[in-house]
Amino acid sequence: MTAVISYGFFRDNSRLSVSRLCVILILSAAFLIAGAGLIRTAKAETLNIYSSRNPQLIQPLLDAYTDETGISFKVLHLSDGMAQRLEAEADNTPADMVLTTDISRLSELDKLHIFTAVDSSILTTNIPAKWRDEDHHWFGLSVRARVAVVSADRVDPDELKQIEDLADSRWRGRICTRKGSHPYNRALLASIIAHNGAEAAQEWAEGLVANLARKPQGNDRAQARAIHAGLCDVALMNTYYYGLMKFNLKKTEQQEWAKSIRIVFLNQGDDDHGQHVNITGAAILESSEKYDEAVAFLEWLSQPEAQRVYASTNYEYPVNPNVAPDAEIASWGTFRADDLSVQELAKHAPMAQRIINITGW
Ligand SMILES: [Fe+2]
């Protein structure tokens, strides 16, 4: 069976070289045996993954894949610092693949030129072009919508139609958000730059900041708590936090925060550009010697059965358009996603950050 394991050579940089030496010696011995006539059976039995995804979220899928194929996994969970680690390890990284969230992280990693181009018609069929890299270096696996949430008691959801509305003075003193510089908000602002231009985006950010009920602070869930407490009426939130709060059995107060809010999908008008979304994704390291096995696993993740699990465990949307969202998630409402490619968001991220600095969001 697979297990979530952190190995010495993963965890402790100071022991990297000694441990790596052991690995090299073991691998060399394996190759010597393979060279003695066993090459055909020398299939990869383990894929090493660096992941910033929640361990409980991916483990059921890894277990299912192991049951089906016999391929096992070693996963190093890195909530932060994956890019720094991969840059330092360079070609010596034990990782074959990465699983991570957000276009900002995927493009940051891609800039290190560590990903290999994957040639797979299964992936290009299952994953829409807007949610994968045009050079096939990374692929989206699930979609998250960054929506507005409004007070269930104090706001009629029909009052808010577009993200642009949040700069309107009718919302003066009524909006809460986390800091603009968080990748979620930066990508959202990047989408506004892509659609409306940098000048209009800056005006929008100035309007938003003028409408804030308090200094930007906390995470997405903290904004729901603020609405629950009556501090503000509107906030920005990734929809999966709604699910994580609604069904939170450990911190039951979060269930109350979820009850206080309603989700509003934005920019849904016929001529409008659709709801801003971001992705989680995966990529294969150029240095990996298990290209075929890694591609096969990626392809498997893009297929309906895995897509259903991969997306719904974290209350997200499948990236494969032939897979319907989970019933609970669908009950929050349907929406049309922005057609903008997530790569386009990455291009506008530096300008978005400049505007965030200027406006103090
Ligand atoms: Fe998140």
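Residues numbered from 1 in each chain as written. Predicted model: local features only at pLDDT ≥ 70, side-chain atom pairs only at ≥ 80, totals over all residues.

(A) Quick peek at the overall build of the protein. From N to C terminus, the protein includes 15 helices and nine strands. Burial status across the protein gives 44% buried among its 361 residues. Sequence-distant contacts, at least 24 apart, represent 78% of the contacts inside the protein between residues at least 6 apart. (Helix = DSSP H or I, 4+ residues; strand = E, 2+ residues; numbered from the N terminus. Buried ≥ 20, exposed ≤ 12 C-beta atoms within 10 Å, placed from the backbone. Contact = placed C-beta atoms within 7 Å.)

(B) Seen up close, helix H12 (residues 291-301). Those residues of H12 that sit buried are Glu293, Ala294, Phe297, Leu298 and Leu301. On an axial view of H12, the arc spanned by its buried residues comes to 135°, and they lie on one face. (Arc of directions from axis to C-beta.)

(C) Molecular detail of the pairing of strand E1 (residues 46-51). For E1, the buried fraction is high: five of the six residues fall into the buried class. As paired elements, E1 and strand E2 (residues 72-77) share six bridges and run parallel to each other. By the bridge assignment for E2, Tyr50 is matched with Leu76. Note that the unit made of E1, helix H3 (residues 55-69) and E2 has a crossover that is right-handed. The pairing of E1 with strand E3 (residues 97-101) spans three bridges and is parallel. By the bridge assignment for E3, Tyr50 is matched with Val98. (Pairing = 2+ DSSP bridges. Right-handed = clockwise from strand over helix to strand, strands pointing away.)

(D) Inspection of the nonpolar core at higher detail. Judged by nonpolar contacts, the single largest core of 96 residues is most densely connected at Met97, Val149, Leu189, Val234, Ala235 and Ala282. Ranked by residues supplied to this core, first place goes to strand E4 (residues 138-151) with nine residues. Built from parts of two domains, this core gets at least three residues from each of domain 1 (8-143 + 279-330) and domain 2 (144-275 + 333-359). Once residues lying within four places of it in the same chain are set aside, the contact partners of Ala235 are Val149, Ile175, Cys176, Thr177, Gln223, Ala224, Ala226 and Ile227. (Core = buried A, V, L, I, M, F, W, Y, C linked by C-beta atoms within 7 Å. Domains from an automatic or database assignment.)

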